[in-house]
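Summary of the model geometry
Chain residues, written in single-letter form:
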Amino acid sequence: MKNIKIYTDGACSGNPGKGGWGAILVYKNNEKELCGGSTDTTNNRMELTAVIEALKAVKEPCSITVTTDSKYVCDAVTKGWVYSWQKNNWKKADKKPALNVDLWEELLPLLKKHSVTFNWVKGHNGHPYNERCDKLAVNYYLNL
């Protein structure tokens, strides 16, 4: 299995508001940048979309490390929350509806396709790839 590193970030001006996402895929010495956005979104939706779009760009099953500054995405997967939400008909432990169900439903099959590990980094803290992803996300929504 190929080992790929993925770095992602989402950004939003207003929450909700205009938003963007950025991702960088690294395989050996090759890098691929991806970005996109929406005129009416939230930061968490952009964080999730960055991970989804990056994983969708990987065409064959791979071993992937996703590095994100989103506790929302990282914790939901690594702590198993999203699987509990799904099992409980998209209700959280407090019985309130889970948010962004459409995106979680898109992410879960991608996590099954690949062997994915999540790594959290503090945002805006000088991590070179995280900073680059942030620039991709912000530049995208500034041009919407």
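In case you missed it, the structure is sitting above this.
What counts and how
- Residues numbered from 1 in each chain as written.
- Predicted model: local features only at pLDDT ≥ 70, side-chain atom pairs only at ≥ 80, totals over all residues.
- Heavy atoms only, no water.
- Phe/Tyr/Trp six-rings, centres within 6.5 Å; stacked < 30°, edge-to-face > 60°.
- Helix = DSSP H or I, 4+ residues; strand = E, 2+ residues; numbered from the N terminus.
- Buried < 20%, exposed > 50% of the residue type's maximum accessible area, 1.4 Å probe, protein only.
- Core = buried A, V, L, I, M, F, W, Y, C linked by side-chain atoms within 4.5 Å.
- Contact = heavy atoms within 4.5 Å.
- Axes fitted to C-alpha atoms, helices over the stretch in contact; angles between N-to-C directions.
- Parallel < 35°, antiparallel > 145°, perpendicular 65-115°, else oblique.
- Left-handed = near helix turned anticlockwise from the far one by under 90°.
- Pairing = 2+ DSSP bridges.
- Expected span 1.5 Å × (residues − 1).

Moving on to the packing of aromatic side chains. Enumeration over the complete set of coordinates arrives at three aromatic pairs. Centre to centre, the rings of Tyr7 and Tyr129 are 4.2 Å apart; their planes meet at 10°, and the pair counts as stacked. Linking Tyr7 in strand β1 (residues 3–14) with Tyr129 in helix α5 (residues 128–142), this pair joins segments that are 122 residues apart in sequence. Both residues of the pair, Tyr7 and Tyr129, belong to the buried class. Put simply, the rings of Tyr72, Trp85 and Trp104 pair up and form one aromatic cluster.

Turning our attention to the nonpolar core. Ranked by internal contacts, the top residues of the largest apolar core, which has 33 residues, are Ile6, Leu55, Ile64, Val82, Trp104, Leu107 and Phe118. Counting residues per element, the ones that place at least two in this core are β1, β2 (17–27), α1 (43–56), β4 (63–68), α2 (71–78), α3 (81–87) and α4 (101–113). Tallying contributions element by element places α1 first for this core, with seven residues. Discounting residues that sit within four places of it in the chain, Phe118 has contacts with Val51, Val66, Thr68, Val73, Cys74, Val77, Thr78 and Leu111. Ranked by size, the runner-up nonpolar core spans six residues in total, among them Tyr7, Ile24, Val26 and Tyr129.

For the rest of this paragraph, the subject is the packing of α1 against α4. Running from N to C, α1 and α4 cross one another at 30°; their axes reach a closest spacing of 10 Å. What the angle tells us is that α1 and α4 run roughly parallel. Seen from above, α1 lies across α4 with left-handed handedness. Of the residues in α4, those in contact with Arg45, Leu48, Thr49, Val51, Ile52, Glu53, Leu55 and Lys56 of α1 are Asp102, Leu103, Trp104, Glu106, Leu107, Leu110 and Leu111.

Let us now look at the pairing of strand β3 (residues 30–41). Looking at chain direction, β2 and β3 are connected through ten bridges and run antiparallel. When the bridges of β3 are listed, Tyr27 appears paired with Asn30. Remark: two residues form the turn of the hairpin made by β2 and β3, two consecutive strands paired antiparallel; Lys28 in that turn has positive phi of roughly 55°.

This paragraph deals with α4. Along its 13 residues, α4 runs 19 Å from first to last C-alpha, staying within 8% of the 18 Å computed at 1.5 Å per residue. Here α4 has its buried residues at Leu103, Trp104, Leu107, Leu108, Leu110 and Leu111. Looking at the buried side of α4, the elements it contacts are α1, α2, α3 and β5 (115–120).

Alignment of β1 against β4, held across six bridges, turns out to be parallel. Within the sheet, the bridge partner assigned to Lys5 lies in β4 and is Thr65. Pairing between β1 and β2: ten bridges, direction antiparallel. What sits directly across from Cys12, in β2, is Gly19. Counting the residues in the hairpin turn of β1 and β2 gives two residues.

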